[in-house]
Amino acid sequence: MKLDTVVELESNKKYYILDETIQNDKKYFLATKLDENEEMTAESTIFEENKVGEDFFLKEVTDDKTARYILSVFTTTLINEIEDEKKED
Amino acid sequence: MTPEQIAKLDKEKSLEREKRINDFIKKIETSGFIIDDYVKVTELTELVAKGEVKPINQINDLINLKKQMDSFDVVKISKDFRKDLRNEIDSIVNSMSKNTKAPTISTIDGNITETERFNKLISNIKVKAGIVLAENRVESAVASREETYRKIQELSSNTSLNAEQKNIEWKRLLSIYNGANLDTIRNAKRITDRGSSNITVDYLDDLMKDFNKIYQEVMIMNLEDNTKKIMIDNFRNIASTFTKYQKMISIYISNQQKREKLLKYLGIKFNKEMSKEKEEVKDHEIKKQEPIIEDAFKINDTVYYNGKAESLTLGPSATNLELEIGKKYKVENVVIKDGLTYFELEGINGLFESSRFDSKKLKDEEIKINEEIIEREAAPTTIETSSLNSDEIQLDEEIKTNEEIIEREVAPTTIETSSLNSDEIQLDEEIKNNLGNKVISVKEGQNPGYGTLTWKLVALAGIAAGASIGVAPIALVSAVIWAYSEYRDRVDISKKEKFFPSIFNKLKTKIESVDIDKEKANELMQLISGVDEKNKAQGLEQEEQNKGMGI
């Protein structure tokens, strides 16, 4: 599982992996749902990656505290990226 | 020698023997000890009677040791340690600020510069060491609770509301007073409590390891030679500080061991009555350190499941259990685990977190209000970036706190199966639920630019706008708005931002519905309005261009 990929889940839903972070040995992804034409939608979510053997599973983070924390991490990364771009301008 | 002389000598010897024994026992009693092993002490009295000095020397050693240990104030030493460490860290920060070399991208974290990485490391270590406290936040949280109470007091004399409105407002305030206000105090106190924990050898070892890691990282940063030299001195001073306090603690531990050995040799123990006064003082100190808010529920209390969130259950038999919202349950036992209070309920297996229960049955309307307030007043998530000065929020601190929460609360879902053939794995439904949805295909993104900042912004803003306050508190919302505003000012994202109008409408509604400082709310609304205006202007411009192009 890596960034800038389209993943299709068993539920037939497709997501675009926008960002990732590893926290406490767990990988989390920021992902946006894609429509049937694989166009971005307004629906985004945070997934937790689980691996069993060769299989990957994505579980939506529903616990408030975890979601808040991971959301903070992604937001901070984004702010840093924006700041960095600003410096480069 | 005449028989009289012999008798006199015997009497003197006997008196001397008796005196030695009495002196020995008196020494034991007056020094704050009582006899624990009568056989042992009797044996020692024999030795003392014969004129052997070892037992007396040993008790003298024990008395001196006790004096030394009594004067060892671990609370004060812990405070001194943190004070010294704070000064050393300030020196490091000061040295780094003088480095004039341009900060390069961190080799450890490619997303940030070395300066930012350094600041993050320092911020984290300060929190871990208990140097960054949230005392002010505890005070403001307490003040906030008092303010809620004041509002309740004023409600009676409020003439602008009718009886029904007053009742609703009272329930709202009461929920804040007994719920969110308390949570905020607890959270702030948890951070502050780190600064009041006593240092131990393990604690110092662990912290020193972190400083070593920081040192290694700083040494590979792009620093001037002179800055690097000063840094080496700074870190050397930190190492000396650790050595100094480790030595103090080690001496204390060594004294403890010696004391135990001496007590065993002498067959005595501390006289509890004599140390009772001291213990009472200690108890008092401990009580002072206990959480401000005591748990309201006791064994045999009747509680009502409030359905605020999915109940956190522990124990295999409880995992499939569904409690009914509003239903009455009897508390059979109260268990404290990892700082959280859980109930054992009558007739039901498992442990249930106490915050999921109320002491009285709530009406539907109250449950709704409660949920809203919980969302609104959830523990303050803090974000600090150089650009969010007005928020005065500490993201690193929050991340650290949350890391602990995650460590404690996230159920481990990674299954070690490297040696298993995937075909052989039979996952039952429950495990599957824990793992999430299986990924059936992965392919490279076809549409270029999807992974850009714009789309990350869309995703994060979308989540922040749609999520509950528990997930995206107002600090996080303001961070996202700021990010958008910053980015929007520099980059033309009009073609890709079809989602933003609806996202910002949601954000507006969210800000309006949250009970936050008016000034802060206005600030956020202005930020959104500013962004809106620019969007509209750009939209019109685009429209004009399109018209011009005959689109």
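The structure displayed is predicted, hence computed values, not measured ones. (Residues numbered from 1 in each chain as written. Chains lettered and ligands numbered in written order. Predicted model: local features only at pLDDT ≥ 70, side-chain atom pairs only at ≥ 80, totals over all residues. Heavy atoms only, no water.)

Trainee: Can you walk me through the overall build of chain B in this structure?
Mentor: Looking only at helices and strands, chain B features 17 helices and nine strands. Relative to its full complement of 551 residues, chain B shows a buried share of 39%. Total accessible area computed for chain B in this model is approximately 32,000 Å², and 49% of it derives from carbon and sulfur atoms. (Helix = DSSP H or I, 4+ residues; strand = E, 2+ residues; numbered from the N terminus. Buried < 20%, exposed > 50% of the residue type's maximum accessible area, 1.4 Å probe, protein only. Areas by Shrake-Rupley, 256 points an atom, 1.4 Å probe, with all protein chains shown as cover.)

Trainee: Whenever I open this one, the overall build of chain A confuses me. Can you help?
Mentor: Secondary structure assignment for chain A yields one helix and five strands. Tracing chain A from N to C terminus, the helices and strands come up as β-β-β-β-β-α. For chain A, the proportion of contacts with a sequence separation of at least 24, taken over those separated by at least 6, is 26%. Surface summary for chain A: the accessible area is close to 3,700 Å², and the carbon and sulfur share equals 39%. (Contact = heavy atoms within 4.5 Å.)

Trainee: Any chance you could explain the packing of helix α8 (residues 201–219) of chain B against helix α9 (residues 225–266) of chain B here in plain terms?
Mentor: Relative orientation and spacing of two packed helices are given, respectively, by the angle between their axes and the distance between those axes. Residue and element names in this part refer to chain B. Interaxial distance between α8 and α9 falls to 10 Å at its minimum, and their mutual angle equals 170°. The angle between the axes of α8 and α9 places the two elements in the roughly antiparallel class. Where α8 approaches α9, its residues Val-201, Leu-204, Asp-205, Leu-207, Met-208, Phe-211, Ile-214, Tyr-215, Val-218 and Met-219 are matched on the opposing element by Lys-228, Met-231, Ile-232, Phe-235, Ile-238, Ala-239, Phe-242, Tyr-245, Gln-246, Ile-249, Ser-250 and Ile-253. In the contact of α8 with α9, the residues fall into 18 nonpolar, two polar and two charged. (Axes fitted to C-alpha atoms, helices over the stretch in contact; angles between N-to-C directions. Parallel < 35°, antiparallel > 145°, perpendicular 65-115°, else oblique. Nonpolar A, V, L, I, M, F, W, Y, C, P; charged D, E, K, R; others polar.)

Trainee: Explain the side chain of Glu-88 of chain B to me, please; I cannot follow it from the model alone.
Mentor: All names here are of chain B. Its place among the elements puts Glu-88 in helix α4 (residues 74–97). Buried and unpaired, Glu-88 has Lys-244 as its nearest opposite-charge partner, separated by 8.2 Å. If we ignore the near neighbours within four places in the chain, the residues touching Glu-88 are Asn-234, Asn-237, Ile-238 and Thr-241. (Lys, Arg positive; Asp, Glu negative; His and termini not counted. Salt bridge = Lys/Arg side-chain N within 4 Å of Asp/Glu carboxyl O.)

Trainee: Help me understand the nonpolar core, please; the structure alone is not making it clear to me.
Mentor: Soluble, globular proteins show a tendency: their nonpolar side chains are buried together. Residues Ile-46 of chain A together with Ile-481, Phe-500, Ile-503, Leu-507 and Ile-511 of chain B are the most contacted members of the largest nonpolar core, which totals 50 residues. At the level of secondary structure, the elements contributing two or more residues to this core comprise β2 (14–23), β3 (26–34), β4 (40–52) and α1 (64–88) of chain A together with α14 (453–466), α15 (474–490), α16 (500–513) and α17 (518–548) of chain B. In this structure, Leu-507 of chain B is in contact with Ala-464, Ala-465, Val-477, Ile-481 and Ile-528 of chain B, ignoring residues within four places of it in sequence. Listed in part, the 30 residues of the second largest apolar core include Ile-77, Ile-92, Tyr-203 and Met-221 of chain B. (Core = buried A, V, L, I, M, F, W, Y, C linked by side-chain atoms within 4.5 Å.)

Trainee: Would you take a moment to explain the pattern of salt bridges for this structure?
Mentor: Any two side chains of opposite charge can pair if their charged atoms end up close together. Summed over all chains, the structure comprises 22 salt bridges over all chains. Between Lys-128 of chain B and Asp-210 of chain B there is a salt bridge, with the nearest N and O atoms lying 2.7 Å from each other. Placement of the pair is Lys-128 of chain B in helix α5 (residues 114–128) and Asp-210 of chain B in helix α8, with a sequence separation of 82 residues. When its relative accessible area of 17% is taken as the criterion, Asp-210 of chain B is described as buried. A salt bridge links Glu-260 of chain B to Arg-259 of chain B, with the nearest nitrogen and oxygen atoms 3.4 Å apart. Taken together, the shared-partner salt bridges in this structure form one network comprising Lys-14 and Glu-38 of chain A together with Lys-443 of chain B.

Trainee: Got a minute to help me understand the pairing of strand β1 (residues 5–9) of chain A in this structure?
Mentor: A regular strand places its side chains so that they alternate between the two faces of the sheet. Burial analysis of β1 of chain A places five of its five residues in the buried class, which makes it a mostly covered element. The side-chain alternation of β1 of chain A yields two buried faces, one formed by Thr-5, Val-7 and Leu-9 of chain A and the other by Val-6 and Glu-8 of chain A. With five bridges connecting them, β1 of chain A and strand β9 (residues 437–444) of chain B associate as antiparallel partners. Residue pairing in the sheet places Glu-8 of chain A in a bridge with Ser-441 of chain B of β9 of chain B. Sheet topology note: the β1 of chain A/β2 of chain A ladder contains three bridges and is antiparallel. When the sheet's bridge partners are listed, Val-7 of chain A is paired in β2 of chain A with Tyr-15 of chain A. The loop that links β1 of chain A with its antiparallel partner β2 of chain A comprises four residues; one of these, Asn-12 of chain A, has a positive phi angle of about 70°. (Pairing = 2+ DSSP bridges.)

Trainee: Which parts of the structure should I look at to understand unusual backbone geometry?
Mentor: Most peptide bonds take the trans configuration, and most residues that are not glycine carry a negative phi. Residue and element names in this part refer to chain A. The backbone of Asp-4 sits at a positive phi, close to 55°, despite the residue not being glycine. The residue Asp-4 is located in the segment before β1 in this model. Located in the positive-phi region is Glu-38, a residue other than glycine, with phi close to 60°. Mapped onto the elements of the fold, Glu-38 is located in the loop between β3 and β4. Glu-38 sits in the buried class, given a relative accessible area of 12%.

Trainee: How should the packing of aromatic side chains be read in this particular structure?
Mentor: Describing an aromatic ring pair means giving the distance of the ring centres and the angle of the ring planes. Residues and elements named next belong to chain B. Following the criterion strictly, the structure yields eight aromatic pairs over all chains and no others. When the centroid spacing of 5.6 Å and the interplanar angle of 35° are considered together, the rings of Tyr-149 and Tyr-177 count as tilted. Here the residue Tyr-149 occupies a position in helix α6 (residues 135–155), and Tyr-177 occupies one in helix α7 (residues 163–193), the gap between them amounting to 28 residues. Under the relative-accessibility criterion, Tyr-149 is labelled partly exposed at 41%. For Tyr-177, a relative accessible area of 19% puts it in the buried group. Taken together, Phe-81, Phe-211, Phe-242 and Tyr-245 form an aromatic cluster joined through their ring pairs. Cation over ring: Arg-145 sits above Tyr-177, and NZ or CZ is 3.9 Å from the ring centre. (Phe/Tyr/Trp six-rings, centres within 6.5 Å; stacked < 30°, edge-to-face > 60°. Lys NZ or Arg CZ within 6 Å of the ring centre and 35° of its normal.)

Trainee: Can you walk me through the confidence of the model for chain A in this structure?
Mentor: Any segment with low pLDDT has predicted coordinates that should not be analysed in fine detail. Taken residue by residue, chain A gives an average pLDDT of 84. The fraction at 70 or more is 96%. By mean pLDDT, the top-scoring element of chain A is β1 of chain A (91), and the lowest-scoring one is α1 of chain A (78). (pLDDT = per-residue confidence, 0-100.)

Trainee: Looking at this structure, how should I read the packing of α4 of chain B against α5 of chain B?
Mentor: All names here are of chain B. Direction vectors running N to C along α4 and α5 enclose 175°, while the axes themselves pass 12 Å from each other. In terms of their interaxial angle, α4 and α5 are classed as roughly antiparallel. Each of Ile-89, Asp-90, Ile-92, Val-93 and Met-96 in α4 lies in contact with α5, whose residues at this interface are Phe-118, Ile-122, Ile-125 and Lys-126. The class makeup of the residues in the contact of α4 with α5 is seven nonpolar, no polar and two charged.

Trainee: Can you help me understand a nonpolar patch on the surface in this one?
Mentor: Residues Met-1, Ile-6 and Leu-9 of chain B make up a contiguous nonpolar surface patch of about 300 Å² in total accessible area. Position of Met-1 of chain B among the secondary structure elements: in the segment before α1 (3–30). (Patch = residues over 30% accessible without salt bridge, like charges linked within 9 Å, V, L, I, M, F, W, Y side chains within 5 Å.)

Trainee: Looking at this structure, how should I read α1 of chain B?
Mentor: Given 3.6 residues per turn, any residue in an α-helix points the same way as the ones three and four places further on. All names here are of chain B. Taking 1.5 Å per residue as the helical rise, α1 with its 28 residues ought to reach 40 Å, and the 39 Å between its terminal C-alpha atoms agrees with that figure. For α1, every residue scored as buried is listed here: Ile-21, Phe-24 and Ile-28. Where α1 is buried, its residues touch β1 (33–35), α2 (38–49), α3 (54–70), α9 and β2 (268–270). (Expected span 1.5 Å × (residues − 1).)

Trainee: What's the story with the pairing of β3 of chain A in this structure? I'm lost.
Mentor: Residue and element names in this part refer to chain A. β3 sits mainly inside the fold: nine of its nine residues count as buried. Neither face of β3 is left uncovered, since the one carrying Lys-26, Tyr-28, Leu-30, Thr-32 and Leu-34 and the one carrying Lys-27, Phe-29, Ala-31 and Lys-33 both have all their residues buried. As paired strands, β2 and β3 are joined by nine bridges and run antiparallel to one another. Of the residues in β3, the one forming a bridge with Ile-22 is Lys-27. Adjacent in sequence and paired antiparallel, β2 and β3 are bridged by two residues, among which Asn-24 carries a positive phi angle near 50°.

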